[in-house]
Amino acid sequence: MAHTDRRTMRRVLRREIAGTIGLLTDEHDFRAMRRYRTFTFDDHTAYLREVEALLRSRATQGGHTTVTLFDPEEYAAYCTWHELDPDSPASRTRFTAELAATGPTVLYEGQPLTELVPALVDEAVRQATWEYAATLLARLGSCASCGEDIGRAAFAHASDLLMRVLDTASPGNRHLVCSVSGPPETLTAVLHADQVADGTTPLDEAEALEFTTVLALGLATDSPGGLVMRTSTPGSPDRIYGWRLRDNTLHPLTAGEVFDAYCTDIESGDLLSPESDVDYCEPPDLGADDTLHRHRR
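Thoughts on the overall build of the protein chain
For the protein chain, the count of helices and strands is nine helices and nine strands. Expressed as a percentage of its 297 residues, the buried residues of the protein chain come to 35%. Taking as baseline every contact in the protein chain between residues at least 6 positions apart, the subset at least 24 positions apart corresponds to 61%.

And the structure:
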């Protein structure tokens, strides 16, 4: 009887253990791992099928599982740095556990891998964008004229502008995109700011942090860029409007400029048909911007 009780308690405790799976999402990464003798899979499709079956099994048993991207090159470097044998399941487990604490993860909630993998890749891109933008902000240093930290001041300014954009937006679901052009590539951040029944607008902290950081970088470096918002309310046309980044603040786009931006193919320059049931319009007034001091490096 005592033995049965112990087994029951172990099953209960097993449900309390959170797990993380490091996923090899593409064929190239999968082939890179095949050089290790202890990595026994030889077919990527079969590997993905087994991963999905394991995720379903853990969910059925009440297990909480997150999925993270497993990068073979980062894994090899990690093993070298920590003097671990890379051809060891224990080393892979240790690496995956650290990824769960520091890297992009997605919670498995029964979704198929065809949905989970793109979400995981998007999360990885979002985190990489934030890290890159934050690094560039930190490198700006202090203002030559006033001594203020340029990156910190720009982040505070961007936070204020974002709050004013949200405060003046129409009720409903809000989808914001901020893009900043510059070498070596354009940085883009997305923020979902849906208004709930009590009138508040809860924000995903990671999304808001990335969005504000990218906006701050555009403000601090005076890089070409813009912020566009789309608001959706049941029974009404969607409203699309935006601003361009210039002179350390946001300048409203005209309705015609918004229309041109949405109805022109970026690569070919050809005109596209406008969406139905959509109003391209001018943004609401954000009020006076009192933070127009131009910091100099």
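Having put the structure on the table, let's press on.
What about the environment of aspartate 149?
Positionally, aspartate 149 belongs in the loop between helix H6 (113-138) and helix H7 (150-167). The sequence separation of aspartate 149 and leucine 137 amounts to 12 residues, and the corresponding C-alpha distance is 9.5 Å. For aspartate 149, the side chain forms a polar contact with the main-chain nitrogen of arginine 152, separated by 2.7 Å.

A short note on the packing of H7 against helix H8 (residues 205-221)
The packing of two helices is summarised by the inter-axis angle and the distance between the axes. Where H7 contacts H8, the axes come no closer than 8 Å and their chain directions differ by 115°. H8 is crossed by H7, and the crossing has right-handed handedness. The segment H7 lies against H8, with Ile150, Ala154, Phe155, His157, Ala158, Ser159, Leu161 and Leu162 engaging Leu209, Phe211, Thr212, Thr213, Leu215, Ala216, Leu219 and Ala220. When its residues are assigned to classes, the contact of H7 with H8 shows 12 nonpolar, four polar and no charged.

What to know about the nonpolar core
Judged by nonpolar contacts, the single largest core of 34 residues is most densely connected at Val165, Leu176, Phe211, Leu215, Leu227 and Leu250. Contributions of two or more residues to this core are made by H6, H7, strand E4 (173-180), strand E5 (187-192), H8, strand E6 (225-232) and strand E7 (238-246). When near neighbours in sequence (up to four residues on either side) are disregarded, valine 165 contacts Leu176, Leu227, Met229, Trp243, Leu250 and Leu286. Residues Ile21, Val67, Val117 and Leu120 belong to the second largest nonpolar core, which totals 23 residues.

Focus: the side chain of threonine 129
Note on placement: threonine 129 falls in helix H6. Taking relative accessible area as the criterion, threonine 129 reaches 11% and is therefore assigned buried. Apart from residues lying up to four places away in sequence, threonine 129 is in contact with Leu187, Thr188, Glu210 and Val214.

Topic: the environment of tryptophan 130
Its place among the elements puts tryptophan 130 in helix H6. Accessibility expressed as a relative area gives 31% for tryptophan 130, which makes it partly exposed. For tryptophan 130, the contacting residues outside a window of four places in its chain are Leu209, Glu210 and Thr213.

A word on the pairing of E4
A one-sided burial pattern is seen for E4, the buried positions being Arg174, Leu176, Cys178 and Val180 and the unburied ones Asn173, His175, Val177 and Ser179. Looking at chain direction, E4 and E6 are connected through eight bridges and run antiparallel. Paired with valine 177 across the strands is valine 228, a residue of E6. By the bridge criterion, six bridges tie E4 to E5 in an arrangement that is antiparallel. For leucine 176, the partnering residue across the bridge sits in E5 and is leucine 191.

Focus on unusual backbone geometry
The phi dihedral of aspartate 247 falls on the positive side, at around 55°, and the residue is not glycine. With a relative accessible area of 36%, aspartate 247 lands in the partly exposed category. One non-glycine residue with positive phi stands out, namely aspartate 277, at about 60°. By the element assignment, aspartate 277 lies in the loop between helix H9 (255-262) and strand E9 (278-280).

Some thoughts on H6
If you check H6, its first and last C-alpha atoms are 37 Å apart, about what 26 residues at 1.5 Å a residue would give, namely 38 Å. Turning to H6, its buried residues are Leu113, Leu116, Val117, Leu120, Arg126, Thr129, Ala133 and Leu137.

Describing the packing of helix H4 (residues 72-82) against helix H5 (residues 89-102)
Packing of H4 against H5 brings their axes to within 11 Å, and their N-to-C directions diverge by 105°. Judged by the inter-axis angle, H4 sits roughly perpendicular to H5. In contact with Glu74, Tyr75, Tyr78, Cys79 and His82 of H4, H5 contributes Ser91, Arg92, Arg94, Phe95 and Glu98. Of the residues that constitute the contact of H4 with H5, the class distribution is four nonpolar, two polar and four charged.

Details of the packing of aromatic side chains
In this structure the tally under the stated criterion is 12 aromatic pairs. Ring geometry for phenylalanine 39 and tyrosine 47: centres 6.1 Å apart, planes at 55°, overall tilted.

Analysis parameters
- Residues numbered from 1 in each chain as written.
- Predicted model: local features only at pLDDT ≥ 70, side-chain atom pairs only at ≥ 80, totals over all residues.
- Heavy atoms only, no water.
- Helix = DSSP H or I, 4+ residues; strand = E, 2+ residues; numbered from the N terminus.
- Buried < 20%, exposed > 50% of the residue type's maximum accessible area, 1.4 Å probe, protein only.
- Contact = heavy atoms within 4.5 Å.
- Polar contact = N/O pair within 3.5 Å; in protein donor to acceptor, adjacent residues only side chain to side chain.
- Axes fitted to C-alpha atoms, helices over the stretch in contact; angles between N-to-C directions.
- Left-handed = near helix turned anticlockwise from the far one by under 90°.
- Nonpolar A, V, L, I, M, F, W, Y, C, P; charged D, E, K, R; others polar.
- Core = buried A, V, L, I, M, F, W, Y, C linked by side-chain atoms within 4.5 Å.
- Pairing = 2+ DSSP bridges.
- Expected span 1.5 Å × (residues − 1).
- Parallel < 35°, antiparallel > 145°, perpendicular 65-115°, else oblique.
- Phe/Tyr/Trp six-rings, centres within 6.5 Å; stacked < 30°, edge-to-face > 60°.

Any link to function would need more than the numbers given here.
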